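# Per-entry structural report
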Amino acid sequence: MPSRFVLQVDGVGSFVVFREAQVTVGPISASARPMLALMADANTPVVVLERMEGDYFLRSETPVAVNGRPATEKLLADGDRIALSSRCQIRFHLPNPASTTAVLTVSGARLSRPDIKQLILMDRDILIGPYANNHIRTELLQEPVALFTQNGRLLCRARESILVDGHSFDPTAGLTLDRRIEIGKLSMVVARLGE
């Protein structure tokens, strides 16, 4: 399983998933291209978001506004708003208190792919389901589905049966890239992140 991939969830949107503990975010035109490249003003600073022991920290060489206050280092909390510039903002969200996977919503700057809705900083799991504490919300599921990594594989745990390309699937086997996954009414693909 690659360290970055796209999760395309039919009827919901596409999400870039980063499995690394440290992610750089900044303009596509930065001298050292950030991992999350934004189509933003060239003067927009590059920031580092780092997960350490379940907490997330923001670091930047140039001060950025976090909840309206300038900072070069900040312990992030659920709901924090990071303004890289007056036009480029990122909302940091930890939807589930039992999970250290975070969701980022970018506004005011475009991503390289217009179909990307949000970004997920994956720690142990990604919860997809109908509840507010799920990382990806969809009414297509009655119960949450968990994607999690184990031994370098992406596994899926669901109460309903899992079909991959129309065939029954052993949930203990790793999900394969670029295959249609169906769980009840939900259909999704774990795709390669093409740059």
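First things first, this report covers the structure right here in the doc. (Residues numbered from 1 in each chain as written. Predicted model: local features only at pLDDT ≥ 70, side-chain atom pairs only at ≥ 80, totals over all residues. Heavy atoms only, no water.)

### With respect to the pattern of salt bridges
Side chains that carry opposite charge are capable of pairing whenever their charged atoms lie near each other. This structure, assessed with the given rule, holds 8 salt bridges. We note a salt bridge from Arg 51 to Asp 123, for which the minimum N-O separation is 3.5 Å. Note that Arg 51 is positioned in strand E5 (residues 47-52) and Asp 123 in the loop between strand E12 (116-121) and strand E13 (125-129), a separation of 72 residues in sequence. Its salt-bridge partner being Arg 124, residue Asp 123 comes within 3.7 Å of it at the nearest N-O pair. A cluster of three or more residues bridged by salt bridges with shared partners is formed by Arg 51, Asp 123 and Arg 124. (Salt bridge = Lys/Arg side-chain N within 4 Å of Asp/Glu carboxyl O. Helix = DSSP H or I, 4+ residues; strand = E, 2+ residues; numbered from the N terminus.)

### Describing the nonpolar core
Counting residues in hydrophobic clusters, the biggest one holds 29 residues, and the most contacted among them are Val 25, Leu 38 and Leu 84. For this core, the secondary structure elements donating two or more residues are strand E2 (13-18), strand E3 (22-27), strand E4 (36-39), E5, strand E6 (55-66), strand E9 (89-93), strand E10 (102-107) and E12. With 4 residues, the top contributor of residues to this core is E6. Dropping the residues within four chain positions of it, Leu 84 is found in contact with Val 25, Leu 38, Thr 44, Pro 45, Val 47, Val 64 and Ile 90. Core analysis: the next-biggest nonpolar cluster, separate from the first, contains 26 residues, Phe 5, Phe 15, Leu 154 and Leu 175 among them. (Core = buried A, V, L, I, M, F, W, Y, C linked by side-chain atoms within 4.5 Å. Buried < 20%, exposed > 50% of the residue type's maximum accessible area, 1.4 Å probe, protein only. Contact = heavy atoms within 4.5 Å.)

### Things to note about the pairing of strand E19 (residues 180-183)
On any regular strand, side chains alternate: one points to one face of the sheet, the next to the other face. A one-sided burial pattern is seen for E19, the buried positions being Ile 181 and Ile 183 and the unburied ones Arg 180 and Glu 182. As paired strands, strand E17 (residues 162-164) and E19 are joined by 3 bridges and run antiparallel to one another. Of the residues in E19, the one forming a bridge with Val 164 is Ile 181. Here E19 runs beside strand E20 (residues 186-192); their pairing, made up of 4 bridges, is antiparallel. Bridge pairing in E20 links Ile 181 to Met 188. The hairpin turn running from E19 into E20, its antiparallel successor, is 2 residues long, and Gly 184 in that turn takes a positive phi close to 60°. (Pairing = 2+ DSSP bridges.)

### Notes on the sheet that holds strand E16 (residues 153-157)
Across a sheet, paired strands are connected by hydrogen bonds in the backbone, their directions being either parallel or antiparallel. Strand order across the open sheet formed by 4 strands is E14-E13-E15-E16, with mixed pairing between neighbours. Edge positions in the sheet fall to strand E14 (136-137) and E16, since each has one partner strand and no second. Pairing between E13 and strand E15 (residues 145-150): 4 bridges, direction antiparallel. Opposite Ile 126, over in E15, you have Leu 147 as the bridge partner.

### Here we look at the environment of Leu 49
By the secondary structure assignment, Leu 49 is in strand E5. Judged by its relative accessible area of 3%, Leu 49 falls in the buried class. Once the C-alpha coordinates of Leu 49 and Ala 32 are considered, the two residues, 17 residues apart in sequence, prove to be 16 Å apart. The contacts of Leu 49, once residues within four sequence positions are left out, are Ala 21, Gln 22, Val 23, Val 25, Phe 57, Leu 58, Leu 76, Ile 82, Leu 104 and Leu 121.

Structural measurements only, silent on function.
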